Protein chains: 2
Amino acid sequence: MKELAIGIDIGGQSAKLGVVDRDGCILDSCVVTSMQPTFDAFISDLADAIKSLCDSTASAGRVTGTGADAPNANYHTGCVEFAPNLKWGRDGEGRPTVIPLAESLAKATGLKVSLTNDANAAAWGEHTYGAARGIDNFIMITLGTGVGSGIVIDGKLVYGHDGFAGELGHVCVERGGRQCNCGLKGCLETYASATGVARTARLWIQENSRPSLLRRLDAEAITSKDIFEAALAGDSLAKDIFAYTGRKLGQAMADFVKFSAPQAIVLFGGLGGSRQFFHDEMVREMNENLMEIWKGKIQILYSTLKQSDAAILGAASLVWQK
Amino acid sequence: MKELAIGIDIGGQSAKLGVVDRDGCILDSCVVTSMQPTFDAFISDLADAIKSLCDSTASAGRVTGTGADAPNANYHTGCVEFAPNLKWGRDGEGRPTVIPLAESLAKATGLKVSLTNDANAAAWGEHTYGAARGIDNFIMITLGTGVGSGIVIDGKLVYGHDGFAGELGHVCVERGGRQCNCGLKGCLETYASATGVARTARLWIQENSRPSLLRRLDAEAITSKDIFEAALAGDSLAKDIFAYTGRKLGQAMADFVKFSAPQAIVLFGGLGGSRQFFHDEMVREMNENLMEIWKGKIQILYSTLKQSDAAILGAASLVWQK
């Protein structure tokens, strides 16, 4: 009987679930809202969805476990801890609190549940099914609305003492720089995420008078997609914004290498689609900031998983962690 | 029969050897020059010294292995790779080259040999015998002539893909900052090592006219010890130099925490003796640069090993790695 795993990607709006086999085929999937007012209602919906998925794929194999990712999830405790954007993740007075997600879901389904954050799940998904297969030392950087990271050393995800290792989006790349949502200033995320790129555009449009297609747009509403399209159309300011982003990312990546000496850095997420405009600057800047022993030796890879499948595959892959 | 280990700390001038038991007692020790012109002569001297040590401690136990640390040592390959300061570490034309130290020493002694750099050995020594006993996730930072580091995650030293992980002394703390020996600019080592502290003193004495005991000294010859003594005597410039050093170190430490979420950071090395003048600033700055989840939660420890024994203990402890 084939071994199957359930993968659940929990976000503020919805939870995407799928049944995945060892080869990374998604046999069936569904979506459940995660806007329920109570945690019990959410768990009950999830358990029902899992039961349906197990039933619909019963002829293909047996589900042996569940992997889930959620914001602010702690692998060690199996809890979601103080997540600001989860409706059911709150105490009686509406404040974000600690929610025992893995334990509750295991009780409701009878399945073993592994829980971590989305960047760790993405890293393990890439190691199990994607660009990092066979690579036991790498750093995954997710370039989305924010910047996340998952670190794999000697074939194992790094969780750290408290379960929160790998917050590389909040490494300082500019002392006293841009204000970040986390409370700190100058975090990599404020420069190298989709929102960071848009922020660069708004600042540069205000600060100088270079002509740009971007000036036709409402500055406050500019997105990284607008900047990508302007760059595609040959707009030099838009191109420079991506080059600047690449340099910031490359500088940070050089320092990450000095920590764990990875074989590769794997990039994932929406911004990666604009790589043609930042890749070269990023790699050049990384190598310029590396000692001789590493110059030109760190592989830069991009996720090979289909964007729409990656979240479920990453979550499911947690079941097969060593 | 008690298990014993040989520890060898290899520097540019000499190699210190000792026989160590599981409790961290050094039963016997000796010193061999490491200025021999050829590698074969050095290995032959080391093998003779090891034989003597084994003989002199034969009644106490049986030596089961050798741990050694050396500059530019690679754990994975057991080689010293391109070390600029080792006389015998050169090719026919006098250029630093790759020397198979572990293999050669194993052949000459019949003992298994583990080799790594001094900061990794210091970290493992601290885990086995010192301040980090029972702590499975920590970062060791050695504050000596340079700044080294050893990273322990889940009870294992991190060597990385190529054996060179943990070069945190070369993380950039000031973009375009001070020139480092490694070729990069703004490395932590150029601020937070003994030589970095002396460099700060020289710069500050030139840049401003604040009165200071340090002005009585030859600026080019100022050492971190001079600055420590001035600070002890109440000199405010000297105190500010250490406070500045503490802030640089604290900022860097905050970013290290975001990588591996350690339980503790352990400090070791000569500069640690001046901790009364930098500890508070370092801890404050680290916490100011950490997200809420970590503020006030990272333990700062100082090595508890006797400075004169630490190198041998660290090297010997490698024998007992998992």
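Going by the structure above, here's the rest.
Reading the values: the criteria
- Residues numbered from 1 in each chain as written.
- Chains lettered and ligands numbered in written order.
- Predicted model: local features only at pLDDT ≥ 70, side-chain atom pairs only at ≥ 80, totals over all residues.
- Heavy atoms only, no water.
- Phe/Tyr/Trp six-rings, centres within 6.5 Å; stacked < 30°, edge-to-face > 60°.
- Helix = DSSP H or I, 4+ residues; strand = E, 2+ residues; numbered from the N terminus.
- Buried < 20%, exposed > 50% of the residue type's maximum accessible area, 1.4 Å probe, protein only.
- Lys NZ or Arg CZ within 6 Å of the ring centre and 35° of its normal.
- Contact = heavy atoms within 4.5 Å.
- Buried area = accessible area lost by both parts, 1.4 Å probe.
- Salt bridge = Lys/Arg side-chain N within 4 Å of Asp/Glu carboxyl O.
- Polar contact = N/O pair within 3.5 Å; in protein donor to acceptor, adjacent residues only side chain to side chain.
- Nonpolar A, V, L, I, M, F, W, Y, C, P; charged D, E, K, R; others polar.
- Pairing = 2+ DSSP bridges.
- Least-squares fit on C-alpha atoms with pLDDT ≥ 70 in both.

(A) Structural view of the packing of aromatic side chains. Here the structure, examined in full by the defined rule, presents 15 aromatic pairs over all chains. Ring centres of Y75(B) and Y159(B) lie 3.7 Å apart, and the angle between their planes is 5°; this geometry places the pair in the stacked category. Remark: Y159(B) occurs in the loop between β11 (156-157) and α4 (189-192) and Y75(B) occurs in the loop between β5 (73-74) and β6 (79-81); sequence separation between them is 84 residues. Residue class for Y159(B) comes out buried when judged on its relative accessible area of 6%. One aromatic cluster in this structure is built from F39(A), F42(A) and W88(A). Lying over the aromatic face of Y191(A), K248(A) brings its terminal NZ or CZ to 4.8 Å of the ring centre.

(B) Structural view of the interface of chain A and chain B. Residue-level contacts link 37 residues of chain A with 37 residues of chain B. For the pair chain A and chain B, the summed buried area comes to about 3,100 Å², and 62% of that belongs to carbon and sulfur atoms. For the chain A face of the interface with chain B, the top three residues by lost area are H161(A), R175(A) and F259(A), together amounting to 24%. The tally of links between chain A and chain B comes to zero salt bridges. Viewed at the interface, chain B and chain A are joined by 18 residue pairs in polar contact (both at pLDDT 80 or more). Sorting the residues of the side of chain A that touches chain B by element identifies β10 (147-153) and α7 (236-260) of chain A as the ones contributing at least two each. With six residues, α7(A) is the largest single contributor of residues to the side of chain A that touches chain B. Residue composition of the side of chain A that touches chain B, grouped by class: 20 nonpolar, nine polar and eight charged.

(C) Region of interest: the pairing of strand β9 (residues 138-143) of chain A. Residue and element names in this part refer to chain A. Counting buried positions along β9 gives six out of six residues, so the element sits mostly inside the fold. The alternating pattern of β9 places F138, M140 and T142 on one face and I139, I141 and L143 on the opposite face, and all of these are buried. Here β9 runs beside β10; their pairing, made up of six bridges, is antiparallel. Bridging from a neighbouring strand, I141 pairs with S149 of β10. In sequence, β9 turns back onto β10 through a hairpin of three residues. Pairing geometry for β9 and strand β12 (residues 264-268), over five bridges, is parallel. The partner of F138 across the bridge, within β12, is A264.

(D) Region of the structure containing the relation of the copies chain A and chain B. Under the fitted operation, chain A is carried onto chain B by 0.0 Å of movement along the axis and a turn of 180°, and the coordinates agree to an RMSD of 0.0 Å. A rotation of that kind, with that shift, is consistent with a two-fold axis. Residue F259(A), judged by its C-alpha, is the member of chain A lying nearest the rotation axis, at 4.0 Å. When the interface residues of chain A are mapped onto chain B, 100% of them again fall at the interface, so both copies present the same face.

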